[in-house]
Amino acid sequence: MDAGQGLSTSEVQSIREALAAGRKPRVVFTAAAGQIAGQIGQVVELTDPEVSDEFVVVRFGRDELPFSPADLAVAPKGAGRRVVESKPEPEPEVPPAVAAPEFVLDTPRVPAQRQEEPKVEQTEKPPARRAVKAVKPKGPAGLTVTLAYADGEWTVAAQQGSKALAKPYVVKPAEALKMVALVDVPGVQEAVEQILGTERAEAEQQAEKLRAELAEIEARLAELREAR
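Model, not experiment: these values are computed from the prediction.

To continue, consider the environment of A191. The topology assignment puts A191 in helix α3 (residues 188–226). Accessibility expressed as a relative area gives 36% for A191, which makes it partly exposed. Along the chain, A191 and V180 lie 11 residues apart, while their C-alpha atoms are 9.9 Å from each other.

What follows is the structure in C-alpha cells.
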C-alpha cells in the first residue's frame, strides 16, 4: 500500500461523484497525516476548497475530521479497516480545590458595555400632491344684441365679447316692436308702445300743421293764377 502520495485532482473528482451516488469511498492516510499514517478512513463529505485547503472530511473511528488531499490517498481494493480504537487511560482524580473567598472590594467592576440603540432613519415623506382642478375649455365669448331708442330713432347693435359685430343702425318702429314682442318681459312691450304712441301723436300734429301750411300755399297760388 503506497500511502506516501496524496489525492490527485481526478481522484478528488471521483470521490465527489461517489459521494453524489451515495457511497463513502475509503482512503488511507499518508505520511503527511502524521501518527495515523497507513490507517483507513471513509470520506463522508467534501466542503468548499476555496474556503480551506482541508476540505476532505474523513470519518476515522468515532470522529469526522477535515484533511487536505495531501494527507490522503485512495485505499487499495480489499483493504480492511485498520482503525485502532484505544480507550483513553483514566486520568487520576484530582481533589477539588477549595475556592478562596473573593474580596469583592479588590475586584474592579467591569462596566457593562452600553448597547447602542439602533438608529432609525426617518425618511422624509414626499410632499402630497395638490389636487389639480380640471380646466374647463373656454367657450365662445358672449353675444349681446342691443335695441335702443334715442332722438326719435330706433337702433340695433350686436357685440361679441369686446368685438363689435354690427354698429348701431336705424330700424323702423314696426321692426322694433316685433323685436320687443319676442321678449316676454312684463313692462317692456308697454314702454315701447308708449314711445310709439307719443311719436305717432307728434307725427300727426306735424302732419296737420303741414296740411294747413299747404292749404295756405295752394290758396295763394290760386289767387296768383286768377290775377293773370
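Counted according to the given criterion, the structure contains three salt bridges. With a shortest N-O distance of 3.1 Å, E64 and R59 are connected by a salt bridge. With a relative accessible area of 44%, E64 lands in the partly exposed category. Exposure remark for R59: the relative accessible area of 33% places this residue in the partly exposed category. In this structure, R220 and E223 form a salt bridge, with 3.7 Å as the shortest nitrogen-oxygen distance. In this pair, R220 and E223 both sit in helix α3, three residues apart, roughly one turn of the helix.

With that settled, consider the sheet that holds strand β4 (residues 63–67). In spatial order, the strands read β4-β3-β2-β1-β5; together these five strands make up an open sheet with antiparallel pairing. If you trace the sheet from one side to the other, it starts and ends with β4 and β5 (72–74), each paired once. When the angles between neighbouring strand axes are averaged without regard to direction, this sheet yields 45°. Where strand β1 (residues 26–29) and strand β2 (residues 40–46) come together, three bridges link them in antiparallel fashion. Paired with V27 across the strands is G41, a residue of β2. Of the strands in this sheet, β1, β2 and β5 touch helix α1 (residues 9–20), which is tilted by about 75° from β2.

The backbone phi angle of D151 is positive, close to 55°, even though this residue is not glycine. Residue position: D151 is located in the loop between β6 (143–150) and β7 (153–160). D151 gets classed as exposed once you look at its relative accessible area, which sits at 80%.

In this section: the packing of aromatic side chains. Think of a pair of aromatic rings as described by two things: how far the centres are apart, and how the planes are tilted against each other in angle. The final tally for this structure, using the stated rule, is two aromatic pairs. Residues F29 and F60 carry aromatic rings whose centres are separated by 5.2 Å and whose planes lie at 80° to one another, so their mutual orientation is edge-to-face. Note that F29 is positioned in strand β1 and F60 in strand β3 (residues 56–60), a separation of 31 residues in sequence. The class for F29 is buried, based on a relative accessible area of 0%. Ring centres of F29 and F67 lie 5.0 Å apart, and the angle between their planes is 65°; on these two criteria the pair is classed as edge-to-face. Placement of F29 in strand β1 and of F67 in strand β4 is noted, with a sequence separation of 38 residues between them.

Conventions used here
- Residues numbered from 1 in each chain as written.
- Predicted model: local features only at pLDDT ≥ 70, side-chain atom pairs only at ≥ 80, totals over all residues.
- Heavy atoms only, no water.
- Helix = DSSP H or I, 4+ residues; strand = E, 2+ residues; numbered from the N terminus.
- Buried < 20%, exposed > 50% of the residue type's maximum accessible area, 1.4 Å probe, protein only.
- Salt bridge = Lys/Arg side-chain N within 4 Å of Asp/Glu carboxyl O.
- Pairing = 2+ DSSP bridges.
- Axes fitted to C-alpha atoms, helices over the stretch in contact; angles between N-to-C directions.
- Contact = heavy atoms within 4.5 Å.
- Phe/Tyr/Trp six-rings, centres within 6.5 Å; stacked < 30°, edge-to-face > 60°.

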